[in-house]
Amino acid sequence: MDPDELLKNAKALSKQMSEYQGILPPDPPVSKQCSEAAWEELLVECDEQFNYMQQLQNDIAVTDADSSENQLNETENRINTLTAELKQWEESEPRLLSVNPEVLLSVGREELSQLNAQLEMVLSCCQAKRDKLREILKSERKWLEEKEEVLRAATEQVKALQEENERLSETSVLLDMKKKLKKMKDFQDNLLSTLSDILQEHFPLPQEGENGNKRKKKFRPEPRGDLISLHDILELLMNKTVETPHEPYVVMNESFWPPYIEMLLRYGIASRHPDDSVKIRLESFY
Amino acid sequence: MSSIKPFSKLPQLNTANVLLVENEGKLQNDLADAIVQQENNVNVTVRLARGLPLPAENEENRPRIDLVVFIVHLSSELSLVSTENSLKQLDTGYFLGKVCFLVTGARCGLVPDERLVSLRKLAGSLHCPLLFAEDQTREGVSTAAQRVLKILRVSAGLVPMVTGLYLSSLTRCTVPLDSDGSVQD
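Position labels on residues start from 1 in each chain and follow its written sequence. For naming, the first written chain is A and the first written ligand is 1, with later ones following in the order written. For a predicted model such as this one, the threshold for reporting local features is a pLDDT of at least 70, and the threshold for listing and counting side-chain atom pairs is 80 or more; totals across whole chains, interfaces and linings nevertheless cover every residue. As a convention, hydrogens and water are excluded, and side-chain values are obtained from all of the structure's heavy atoms.

- An unreviewed UniProt entry lists chain B under the name Centromere protein M, from Paramormyrops kingsleyae.

- An unreviewed UniProt entry annotates chain A as Centromere protein K originating from Paramormyrops kingsleyae.
- We quote the UniProt Sequence similarities (unreviewed entry) comment for chain A here in full: "Belongs to the CENP-K/MCM22 family." UniProt positions are given in the numbering used here, feature names are shortened, and annotations may be inferred rather than shown by experiment.

Structure follows, in structure tokens:
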């Protein structure tokens, strides 16, 4: 205990003592001399006891001389003496020191004041212990509260997770995936169909028998019969790139209409193979 | 060369006599001083010896010895051996509550364990209390003196309702359980 607490305890104790001090009888005068008769009686009793002791001593000496020095076993010795002592205690009756009341009074007074002092010590000790226990109880309660809060938060979290787990069972996850896949497929189909529509509209295949073709017949040596549309060219390129990414080059042949190829090359949608001008591939856009 | 007997002489009024037996003679004097200083109500005489049996010259002048304290220093093997030899010379009547062992140096790590174990077994077989003391500091010596004084008061019969035999039964040294499970007493 630090000095402040000690001082506080001492003050509290003194306050308590001052409270009951008023009801205590006054302190007895110290060491009132017993009368002569009492002293003489005590001395007589002491003499009697001394004589008794002398008698016992003689008896002991006699028995010592009598009994042969048989060194009994240590434990046997012990057992014998303990049983003898036990018998002695059982037989002896409690008796007063002396019958004289004065003697008894002074002896009692002394003992009571001693007892008083001891009990006061015990009281302060118990009080200190009790205060300490109270503090411990308080701190333990606080600890318990904190732990309970933690427990509550944890159980709530567990409950939330469990609900979520139930919601997302396996089948629902599968269904979700399927839905997503279908959506993507639809989107892709949509895009492709839009692309083909646009290409159909804006990049049609060169028609046969257009006006002015007869004049430039000699500039069209390629067979116009099996020209593939731009849509087909793009499809070829895309498939080659996606399916065999290590070999994205498509070999061109006469069915590829050169103007469209030039357009693709110029806009950077496709590029030639660096060594071989016949091969062409889709430019990487990713 | 005489052996002392516990009840061969009359006790003196309000006196208690203690015999400190120590082979080296180091702790005896300090402990004796501390004992004499601490006790106010009773006349305590402290007698010092290096070993038993006691010399025969002082036989008549010697008062009745109420308590024999064997001081053992665990740091030297000789201490334990001489204590064992002295024990053989002591009258068996003393072992019923009038013998006490005081051990110093039990905290030292250099001491082999067997000494302490054998000492404990010895004290346990004799049913005597075993006190541990710290002899290097003044407080250690005065604490040891206090404890010896308490036991002395009881064995001199100055405490009502308690005899030396009774106290020694309460405070006797018990040897801890062996590792193989047999109980030592």
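## Here's the deal with the packing of aromatic side chains
All names here are of chain A.
Then, in step 1: Only rings of Phe, Tyr and Trp enter the pairing, Trp through its six-membered ring, and a pair is recorded when the two centres are within 6.5 Å. The plane angle decides the type: under 30 degrees is stacked, over 60 is edge-to-face, the rest tilted. Inspection of every chain in the model, using the stated rule, returns two aromatic pairs over all chains.
Then, in step 2: Centre to centre, the rings of Trp-257 and Tyr-260 are 5.0 Å apart; their planes meet at 85°, and the pair counts as edge-to-face.
Then, in step 3: Relative accessibility under 20% of the residue-type maximum defines a buried residue, over 50% an exposed one, and the middle range a partly exposed one, all with a 1.4 Å probe and only protein chains included. Tyr-260 sits in the buried class, given a relative accessible area of 7%.

## Observations regarding the nonpolar core
Residues and elements named next belong to chain B.
Then, in step 1: Formed by 28 residues in total, the largest nonpolar core has its most connected members in Val-18, Leu-20, Leu-31, Ile-35, Leu-67, Val-69 and Leu-102.
Then, in step 2: For this core, the secondary-structure elements that each account for two or more residues are strand S1 (15-22), helix H1 (27-38), strand S2 (43-49), strand S3 (67-73), strand S4 (99-104), strand S5 (130-133) and helix H4 (138-155).
Then, in step 3: Broken down by element, this core gets its largest block of residues, eight residues, from H4.
Then, in step 4: If we ignore the near neighbours within four places in the chain, the residues touching Ile-35 are Val-44, Val-46, Ala-145, Val-148 and Leu-149.
Then, in step 5: Grouped together as the second largest cluster of nonpolar side chains are 26 residues, Val-68, Leu-87, Ala-123 and Leu-126 included. What is meant by a nonpolar core is a set of buried Ala, Val, Leu, Ile, Met, Phe, Trp, Tyr and Cys residues, joined one to another through side-chain atoms within 4.5 Å. By the criteria applied, helices consist of DSSP H or I runs no shorter than four residues and strands consist of E runs no shorter than two, each listed in order from the N terminus. Residue contacts are defined here by distance: any two heavy atoms, one from each residue, within 4.5 Å place the two residues in contact.

## Description of the interface of chain A and chain B
Many analyses report the size of an interface as the accessible area lost when the parts associate.
Then, in step 1: Contact residues are listed per partner, giving 16 residues for chain A and 18 residues for chain B.
Then, in step 2: Summing both sides of the interface, chain A and chain B together bury roughly 1500 Å²; the carbon and sulfur share of this comes to 58%.
Then, in step 3: Three residues stand out in chain A for area buried against chain B, namely Gln-57, Glu-74 and Arg-78 of chain A, and they jointly supply 38% of the buried area on that side.
Then, in step 4: By definition, a salt bridge exists where a carboxyl oxygen of Asp or Glu is found within 4 Å of a side-chain nitrogen of Lys or Arg. Inspection of the region where chain A meets chain B yields zero salt bridges.
Then, in step 5: Identification of polar contacts relies on pairs of N or O atoms within 3.5 Å, with a donor-acceptor requirement for protein atoms, meaning one able to donate a hydrogen and the other able to accept it, and with residues adjacent in sequence counted only if both atoms are side-chain atoms. On inspection of chain A and its partner chain B, the count reaches one residue pair in polar contact (both at pLDDT 80 or more).
Then, in step 6: With eight residues, helix H3 (residues 74-91) of chain A is the largest single contributor of residues to the side of chain A that touches chain B.
Then, in step 7: Following the grouping adopted for this structure description, the nonpolar residues are Ala, Val, Leu, Ile, Met, Phe, Trp, Tyr, Cys and Pro, the charged ones are Asp, Glu, Lys and Arg, and the polar ones are all others, Gly among them. Residues belonging to the side of chain A that touches chain B are distributed by class as follows: five nonpolar, six polar and five charged. Values labelled buried area give the accessible surface lost by two parts on being combined, using a 1.4 Å probe and summing over both.

## Things to note about a nonpolar patch on the surface
Residues and elements named next belong to chain A.
Then, in step 1: Patch definition: residues with relative accessible area over 30% and no salt bridge; like charges joined within 9 Å; nonpolar side chains (Val, Leu, Ile, Met, Phe, Trp, Tyr) joined within 5 Å. Every accessible area reported is derived by Shrake-Rupley at a probe size of 1.4 Å, with residue values counting cover from the shown protein chains alone. On the surface, a nonpolar cluster with roughly 380 Å² of combined accessible area is contributed by Leu-112, Leu-115, Leu-119 and Val-122.
Then, in step 2: Position of Val-122 among the secondary structure elements: in helix H4 (residues 101-167).
Then, in step 3: The class of Val-122 is partly exposed, set by a relative accessible area of 45%.

## Focus on the pattern of salt bridges
Residues and elements named next belong to chain A.
Then, in step 1: Considering all chains together, one arrives at seven salt bridges over all chains under this definition.
Then, in step 2: For Arg-130, the salt bridge is made with Asp-131, and the minimal N-O distance between the two is 3.7 Å.
Then, in step 3: Taking relative accessible area as the criterion, Arg-130 reaches 40% and is therefore assigned partly exposed.
Then, in step 4: With a shortest N-O distance of 3.7 Å, Lys-182 and Asp-186 are connected by a salt bridge. In this pair, Lys-182 and Asp-186 both sit in helix H5 (residues 170-202), four residues apart, roughly one turn of the helix.

## Let's talk about the sheet that holds strand S2 (residues 270-272) of chain A
Hydrogen bonds along the backbone pair up the strands of a sheet, which may run parallel or antiparallel.
Residues and elements named next belong to chain A.
Then, in step 1: Whether two strands pair depends on DSSP finding at least two bridges between them. If you walk across this open sheet you meet the three strands as S1-S3-S2, and the pairing is antiparallel. The sheet terminates laterally at strand S1 (250-251) and S2, the two strands that pair on one side only.
Then, in step 2: Pairing geometry for S2 and strand S3 (residues 279-282), over three bridges, is antiparallel. Bridge pairing links Ser-271 to Arg-281 in S3.
Then, in step 3: Lying on the sheet, helix H6 (residues 230-243) is in contact with S1, S2 and S3; it crosses S3 at an angle near 75°.
Then, in step 4: Orientation is described by axes fitted as lines to C-alpha atoms, over the contacting stretch for helices, and by angles from 0 to 180 degrees between their N-to-C directions. Docked against the sheet, helix H7 (residues 258-266) engages S2 and S3, running at close to 100° with respect to S2.

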